[in-house]
Each structure stands twice: as C-alpha cells, then as structure tokens.
Amino acid sequence: MSLLTVDELTITFGGRGRKESRAVDGVSFEVDQGQVVGLVGESGCGKSVTSLALMGLLPSKGVTIGGRAEFDGTDLFTMSPSARRDLRGSEMAMIFQDPLSSLNPVVPIGVQVTEILERHRGLKGEAARKEAAHLLDRVGIPDPTRRLKEYPHQLSGGMRQRALIAMAVACAPRMLIADEPTTALDVTIQAQILELLKELVDQEGTALLMITHDLGVVAGLCDQVNVLYAGKTVESAGRRELFGHPTHPYAHGLLGSIPRLDAPRGEPLTPIRGSINDRIAWADGCAFAPRCDRYEMGCLTGTPQLTEPRAAGHQVRCVNPVLDDAKAEEVTA
Amino acid sequence: MSLLELDGVKVHFPIKKGIFVDRTVGHVYAVDGVSLKVEAGETYGLVGESGCGKTTLGRSVLRLVDITEGSVVLDGTDLAKLPGEEMRRFRRRLQMVFQDPLGSLNPRQNIESILSEGMIAHGIGKDQEERREKIKSILDKVGLPSNALSRYPHEFSGGQRQRIGIARALVLEPDVIICDEPVSALDVSVQAQVINLLDELQEELGLTYLVIAHDLAVVRHISDTIGVMYLGSLVEEAPSDALYAEPKHPYTKALMSAVPVPDPEVEDRRERILLTGDLPSPANPPSGCRFHTRCPWAQAERCATERPQLRDLGDGHRVACHFAEEIASGELALTRPTGIEAVTEGEGAVVEQTEDEAKVPAVLLPADSTTKPDATAVKEKVPSAAEAPGDRTAGAVAKDLDAAGPDASDSDKEQDKTG
Amino acid sequence: MSVATKTDKIQRLAELTAGSETSTGASLWREALGRLKTSKMAIIGAVIIAAFVVVAIVGPFLAPHSPSAQIWRGEVFPNKGEFVGARGENWFGLDHLGRDLFSRMLVGARQTLLVGIVATLIGLVAGFVIGIVSGAAATLGGETGQRVDSVIMRFIDMMLALPSLLLAVSIAAVMGQSLTTVMIAVGVVQVPVFARLLRGAMLVQGGADYVLAAQSLGVRKRRIVLSQILPNSLSPVIVQATLSLATAIIEAAALSYLGLGNPDPAIPEWGVMLAQAQRFFSYAPMMGVYPAVGIIITALGFTLLGEAMREALDPKLKG
C-alpha cells in the first residue's frame, strides 16, 4: 500500500458559461515512503496544478476535481477542510518555486518557523525557538540563531529556499511536494538544494513528489518518472528504464532535443517541431500527434491507452512507440 | 585582427542616496575589467550565474549601459568613444536577441511594424513595399509564415516569438548578434528549434554570435569559444571542447559538475563539487581573487590579496587562477569541505565504467587519486551490483555546505538587476 | 506505408487541428474593445452617459419653460412659507423663486457636462504634456534628463501637497466668480494626477525589454518615446480621464455649492442649484434632491465606464 495513491485525477477549470479547459486529464501515480517520484513536463502539461490539487490549494470556485487521491488510506478530496488543514503542514508539506513570494516579507524567518511549530507541534516560547534554530541548522543554514531574526529579503535565493524547506520539514512530514524547487536558483545553488532533498529522503524516509521541467534534475533524483503531456501521463517508468529506453515519441524527442554537457560539440539537436499549442483533443486521438513524426491513422482515432510495449512497469501511451533500441541508444550515448 | 575586441571593459553602477542632491555612496562593480576577442564567423559563449555581470557586459557592447572604462572595438571602431548619433547609426552592425521573447516585442505593434522599425531608423528600403519584401524573405529564413505580418506578438507561441526577435535582428544585416539567454525562457522541446535555427543562420549568413547564457550545456553546444564569468570578470576562457575536457579554474569545475545531465548513468557516477555559500555582492566584492571566499582550493596568502589575471596556459586556454597548474596536477590539497561525492561502482559496472572513461571527461568521472586529496571531504560509496536505482546513501556532507561562514552569503537581490 | 494512407492521415490531422487556430490579427486595443463590449458594467455606464449627453445636447430645446421665468400662480414665497411641489405641467415643482425645476435640470445638464469635459481636458492636456516630458526625460534622457525629471516632479509634488479644494478656492478668488473659474480650478487640480500617472506608466514601460530592443535597433529617441513607450502607457491615463469626468463634475458642484459657480440665474448649473436648495432643505427637500441625484447618477455612469475600461485594458486585474 503506497503512501499516496492518485487515481484518475482530472482537474477542469472554467464552466458556468465560460469555456471549460481540462488541465489534468486522468493522471494516476503512486508515491511510496522514501521514494522520489517525478512529474515531468513542459508548461501547460498540468504538473503544477496536480500538486496544488493534492495540497488542497486550488480555489474552490471555478475548479472541478475528479478522481481520487488517497493519502495513507484516506481520500484527500472528501476530507473536511479542517482535517485537510491539519494534514497540510504536519503530514504533507510543499516547497514552491519562488521562495521569496512564498515567505511573508514582513515577518522574520524565525517567527515564520516557530509559528508552524506552535500550531502543529504545540511547542511554545524558548522550546519552539530552539527547535527552529535546530531546523535551520538541519537544512544547512549557517549561524541559525542569527538567521532566525532576519527577514526574507536579507537572505539569498538559496538560503530562502533552505528556509522554506526547513518550514516544510518542521513537522517531519511523511510527504513532501516540491514544485520546481530549483528553477529560480543558479546551477551551483541548485546542486546544493538537490543534495539536501536527497538527504532528507534518505535519512528521514520522506516521500518526495518532485515536479519539474528539467530532465537533468529528474535523472539524478527521481526513482519513478511520469512524463506528462497536455494533462495526461504519456510515459511512466523507473528512472534508468525511462532514460535508457525512452519509448513515447515525446519523451524520446525531449531527450534528443536537449543539448547535453557531455555530448560532443557540433552534433545537431533533433528538435520536436511546433509548440504545445499545436495539439488535438485527447478524445480525438493523441494530443502529441501534430508534433509527432511517427503518427499514424491509428493515433487519430480515439484516446490511446497506457500499455507496456517494452517492459513490465514501463507504461507508454502510444500507438506507435519507439521500440528500436539502436536509435534510443544513440540518444543516451 | 578580431571582429569584436573588448579590452578592460568596466561597467560600474553608482549607488545613489539622498533626497535633493544624489550622493554616490558606492558602486556596483557589475563588470570589472573584461577583455575578450570574438572572431568573425564564430560563436563566443559567455557563461555565468545570475549576478556575474554577463548581461551587463552584453549590453555594454551595444552601449545600452554606459561603459565606465575600457574599449569595445568593432572592426576598428571604438564604440565606447562614439558620440550619440554616430553610435545610433553604428548599432545597425550590432544586434541583440533578448531573453524574454514576449517582453522584447512591443505588444501594440504588429509584426510588420516591429520588423520595419529598424529599417526605418537606418533608412533601409525606399518605401514600405520594398521593406515588406525584405521582411517576407527574412520571415521565411527564420521559419515563419508570411501571413504573420499583420499579426501581433501575443498571438504567437514562445518559440515563434523568439523567431520574430531573431528576424528583427537579421533585417539590419548586422556583423555581430548578441544573444542574451536566447532560449532560457522557452519550453525544453522548443529550445532545440531555436538553437538549430541560430546554427543554420550562422552557416548560411556567416554571422558572428556573442551568446550569453547561464546554461553551460546550451553554451557548449553552440559556442566555439567559451568564457566563464564570475562576479564581473572572466575566470576562464578556452575553446569549447578544451574547456569541457579539462576545466582549469575551480569555479568552472564546480559549475560544470553542478549541471545536471539527463542520464541516470552519468548522474549516479559523476563527481560533484558543491560550492560553499552564495555569490558575494558585486557592490562589495572580495579582495584578491573574487572567488576565494568559496573556492575549495583557496590558499591563505595569495588568493585573498592578489587578484589573478587571465594567463594563457597554452592552446588559447586562459585561466585567472594563481594555482591552476597545481590544482590540475593534484599538488594542492582542498582547504575546505566541498561535499565531493566519490562513488566507486560495484564490480558489475566496472566494465562499463572503463568504457565510458574515454568519452566522459575528468570532471564527470568518479574522483581518482588526483582529485581526491582530502579524505575527510570525500565520502566513499561502494554499492552492490544489484543496487536498486533508488537506493542512495550519499550526500551526508551537504550539511557542511555553508559552513564556510555566513559572510559569504550576502543577498544577491540587486545582482538580479545587473546580471 | 502507401501514399494513400499517408495523405489520409495528414488530412485527418488537419481536420482535427483546424479548430484550434485562434489568431485573429487583433491588436490589443481591439481586444480590449471586445472585452469592453461584453462587460455589463461598461454597458450600464455607457447607457447612463449616453442619456446624460443626449439630455445635455437637446435638453434646452425640450425644456417646457425658460429656466429663468418665474411662473407663480398666485402663490407668493417666502411669505407663506410653502413651496410648490410637483404638479401638472411642473413635473418637479418650482424653486424658491418660482422657476420650473424640471426645465432648470434639463438646461443645467449642459453646463454640468461642459464643466466636467472642459475641466478634465484642461487637466488631461496639461498633465499629459508635463508627464510625457518628465517621463521621456527620466527614461531616455540620461543624467541630465533625470535631473530635469526630478525638478518637474518636485513641482508636481508641491501641487499635490495643496488640498485640491483650497487650490480651487484660491484660483476662484483671483479670477472671480464664473463658470470658467470653476472649470479652470477643477482642471488645474487634475494636472498633477495625470502628469504623475503618465510619467509613472512611462517609467515602467521605459524599463521594458522592447524599449531596450528599439534602442539596440538604433531607433531615434523621439520615435522610441512616441511609438514605443507612449502607446503602452496610455491605458491608465484613459481610465483616469473617464474617472476624472466623474470627479470633475462632483468637484465643480462642490465649488458651485461654495458659491464660486456661475451667478447668472439664466444659466442654471446642478451644483449651483444644489447650493441654492440648501437654505430651504427643511421646507423643500426635493429641490436639493433632484440636482443631487442628477450629479450622483452621472458620476456613477462615468465611474462604471472607467472601471470597466480598467478591467478591459488590463485583463490580469480580474484574476
């Protein structure tokens, strides 16, 4: 039994006169204790909306959520708002992309951390302050007692993200959701933060749902990877399996279109043509078909289903998957 | 003689305070003495993190910011000394492609009007009819349909907008195009389209690029020569392949080891140099070597007092480090913990490893005897051959990352503006 | 794969993607206009304003009585202490001098509209000129420009520091009592508002990448200001101008109420009417209610339209 089980999640915006748009269209995945699961995709694929829905942070008006998401056996979407609030912060916590706007600019870091400790762990006064300092130390912020008195703008980007992580892990949550936690950071700082997240997962056994567009980050961090396109999972596999044998033309194309630091110079990239706007509705066929070199008549008649054309546990939503290994090898070499 | 030569370029922004009369209370040393040469038909890549001054440097070449000191010589003309109107006319030969494709296009002008703007300013084409013909041929070159003319920027996708931005630079037939983060605002799948387009255009039109980017992988892909910037100055410059094969400056080493590679095989085995602390403020840069506050090899004496100059170590590989040779040969011991994670593969993977060693350069490989001088900073991991992909025990050192001291972590807020 | 199936699948793909073509070649102004047309607030505002403008134009010709004619029918005021309320041909009744209130309202609408428009125009034009000079100097003028800008802005700050009503009263005190005085006084008060607004918008736009792009293209500074920065800085000014019509009408009414308005009894104005009604409020409240309601509804019309325009021009505000 997994810690978090998401089953056929759909999220629809609009309605009531306005044009409906389906941001997430039947996404399923599981996250185990001590496991890192990645949701990967480009802007508009529904990855961030999924994380907000799981945390219960979507507005109640104008949004329809379908499907189930069970956390430790209880359905998140049928839970009472107060139970949800208690869960949030204590059992599930979230790390956002922009640390500056996720911190209250007029309250010192220390107060923001102790607030959480007081609310969820019932710590008071000196005890809470001590624990807060310990937490900052834990996430690698030097001189934590001094930092507690500082305001968010006095910290650098990397320090802010650390502070945010400290707040997220304040109540030793069993589940962390990180939405592009390193996108706003420089690459050397990103390496530090990723190292910290790895350490949390390894030492505390926290489950981590990692949402990112950066395949490089995924390759180094995630155990299980779900590639999303236009609101649906198009490929889901273990990390080595996915990067070793990308089978959906989209995942395959993505890997071929990224310039790699270790690739010989001068080798032309093989881009995916068009943009995310060039899509057809999933109901009519494969949303990726207009950008795909391999599409067939079969891709344009009804929604393609997830199958396992290559290996058990390696799910691919494609009628004409990339199965010839010679080409896949060439990409990963 | 090179097409574009920068010599000792400095851009210092005054920090002003005061209600009625502004007093200068200090300077932000955004660019602090950069010299480089860009050869005709080549691509020079400038790489560095936010706040290193790479964007300011790019803008200073176009005189979009005032150059405090130094010279920018394009084809024999020193731009830094050109008076206003002459500079304006000279801009035809230097064009820029911006990071934010939407923000750099006037939302209230249609594409034809946007692309005509430069031609009108320089009196190219005698009437709109002639200009339109030219615009159509350029649109075709960058892969946009000619019916784009009457449309507005918000009606295009990100990649198409960047094509418009490139077309705008191309209509003036410039000698040098400065690309400031040309792909970083685009979706991953679209980035390759734009990178390939830049490559194709260079081949077809013999363009010279100065590419500014934070993404080392992108820069390496398109550049012939790469310059690495840190806190306002170049720390290393080398031909693309040489820099990648053997980065000599400690900062380059760290930067390169931090770039994620979309391949678990590489990711699991590479050595990572985690830098301590954050970028110091360019308003108050450290003495001596700018990097000594974070350098894992920093020496007590010389690094903090004497500012290293770029010196040629052969084959056009220039490095601004006093101890580049000693670090390369492994003579110099690490002076602070780096969180280097050395991984020795289990027996099952040995064959694969030796195979890869030929291809994967030193920095990506497991630490060998030369790069593993300090046993306390190195954590060994010997996983079994049957190790599950998710099983990791690494990273315990990450906690010491910032042990270097709180002073190294000044806010980098203002650097976002200058960088 | 045969040629036939290949063309088949291309055709099928074309069919499926055909509906998603969204680009229309519409400029941002056209799009804003489209949003404005569907906004309920804008429609209500526009209807009110249209009605008001029609009344202002044709009102004087429709008025059943002359606005200055005393049409007592034997009643004498104020001896009896009684007012003539609504009756037969005098729909709104008579005022304290026995003039038909309905006619005076109709005729007065024109003056009220005139005050609003002229005062706003004075503020808009003067503010626009100051704002554009200041904004252009600050964005592209270099260090000298910034100094010019800060001198202008300190001057504008001084104007802003004066209470608007006090400023108007002192202008009126110098120029004497007339409608022109009211218009100038109200207009002058608006100048710093427009100047600051335009300058602020220009400063924001001046920092945008497309301005940098135009500079790097070698576009002349004057053209950058006029064809790049200015068109993108107009939205808040347009909105403010609409909202200003409302405040100008109210401020003009306030000045008239204070006795600075046009004293000519033949040219009624809603503000003056309101002022005159004050003395008799306990006997004849309706005499004050008519002009007051007129002012409120008109101001509301302009405010609604202004707010709707703000939303239409900047759809992000709607959230």
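Residues numbered from 1 in each chain as written. Chains lettered and ligands numbered in written order. Predicted model: local features only at pLDDT ≥ 70, side-chain atom pairs only at ≥ 80, totals over all residues.

1. So, the overall build of chain B
Helices and strands together make up the secondary structure of chain B, namely 14 helices and 14 strands. Looking at chain B as a whole, 51% of its 419 residues are labelled buried. Partitioning the contacts of chain B with sequence separation of at least 6, the portion at a separation of at least 24 is 69%. (Helix = DSSP H or I, 4+ residues; strand = E, 2+ residues; numbered from the N terminus. Buried ≥ 20, exposed ≤ 12 C-beta atoms within 10 Å, placed from the backbone. Contact = placed C-beta atoms within 7 Å.)

2. A word on the overall build of chain A
Helix and strand counts for chain A come out as 12 helices and 11 strands. Relative to the globule expectation of 20 Å for 333 residues, the C-alpha radius of gyration of chain A, 21 Å, shows essentially globular dimensions. Referenced to the eigenvectors of the C-alpha coordinate spread, the extents of chain A come out at roughly 70 × 50 × 35 Å. (Rg over C-alpha atoms; globule rule 2.2 N^0.38 Å.)

3. Some thoughts on the pairing of strand 9 (residues 224–229) of chain A
Residues and elements named next belong to chain A. Counting buried residues along strand 9, six of its six residues qualify, which places the element largely inside the surrounding structure. Neither face of strand 9 is exposed, since Gln224, Asn226 and Leu228 on one face and Val225, Val227 and Tyr229 on the opposite face are all buried. Of the pairings in the sheet, the one linking strand 3 (residues 36–40) to strand 9 comprises four bridges and is parallel in character. Within the sheet, the bridge partner assigned to valine 37 lies in strand 9 and is glutamine 224. Hairpin remark: strand 9 followed by strand 10 (residues 232–238), antiparallel, with two residues in the connecting loop; positive phi at alanine 230, about 50°. (Pairing = 2+ DSSP bridges.)

4. Here's the deal with helix 7 (residues 179–206) of chain C
Taking 1.5 Å of rise per residue, the 28 residues of helix 7 of chain C would be expected to cover 40 Å, and the 40 Å separating its terminal C-alpha atoms lies within 8% of that figure. With 22 of 28 residues buried, helix 7 of chain C is to be regarded as a mostly interior element. (Expected span 1.5 Å × (residues − 1).)

5. Digging into the packing of helix 4 (residues 109–121) of chain A against helix 7 (residues 157–168) of chain A
Residue and element names in this part refer to chain A. For the pair helix 4 and helix 7, the least separation of the axes is 9 Å and the interaxial angle reads 20°. As summarised for this structure, helix 4 and helix 7 are arranged roughly parallel, according to the angle between their axes. Crossing angle aside, the handedness with which helix 4 passes helix 7 is right-handed. Residues Ile109, Gln112, Val113 and Ile116 of helix 4 form the contact with helix 7, whose own contacting residues are Ala163, Ala166 and Met167. Looking at the contact of helix 4 with helix 7 residue by residue, the classes come out as six nonpolar, one polar and no charged. (Axes fitted to C-alpha atoms, helices over the stretch in contact; angles between N-to-C directions. Parallel < 35°, antiparallel > 145°, perpendicular 65-115°, else oblique. Left-handed = near helix turned anticlockwise from the far one by under 90°. Nonpolar A, V, L, I, M, F, W, Y, C, P; charged D, E, K, R; others polar.)

6. Section: the domain arrangement of chain B
Residues and elements named next belong to chain B. Segmenting chain B into domains produces domain 1 (4–223) and domain 2 (247–257 + 261–384). Taken together, the contacts link 10 residues of domain 1 with six residues of domain 2. If one sorts the elements of the side of domain 1 that touches domain 2 by residue count, strand 2 (residues 23–38) sits on top with five residues. Here the residues of the side of domain 1 that touches domain 2 sort into five nonpolar, four polar and one charged. (Domains from an automatic or database assignment.)

7. Topic: the interface of chain A and chain C
The interface is formed by 10 residues belonging to chain A together with seven residues belonging to chain C. Partitioning the side of chain A that touches chain C into residue classes produces six nonpolar, one polar and three charged.

8. Considering the packing of helix 7 of chain C against helix 9 (residues 221–257) of chain C
Each pair of packed helices can be summarised by the angle the axes make with each other and by the distance between the axes. All names here are of chain C. Where helix 7 contacts helix 9, the axes come no closer than 9 Å and their chain directions differ by 160°. With respect to their mutual orientation, helix 7 and helix 9 come out roughly antiparallel. Read as a crossing pair, helix 7 and helix 9 show a hand that is right-handed.

9. Brief notes about unusual backbone geometry
Residue and element names in this part refer to chain B. Non-glycine residue aspartate 75 carries a positive phi angle of around 50°. Along the chain, the position of aspartate 75 falls in the loop between strand 4 (69–74) and strand 5 (77–78). Although it is not a glycine, glutamate 181 sits at a positive phi angle of roughly 45°. One can find glutamate 181 in the loop between strand 7 (176–180) and helix 6 (188–205). Assessed through the 20 C-beta atoms surrounding it within 10 Å, glutamate 181 is described here as buried.

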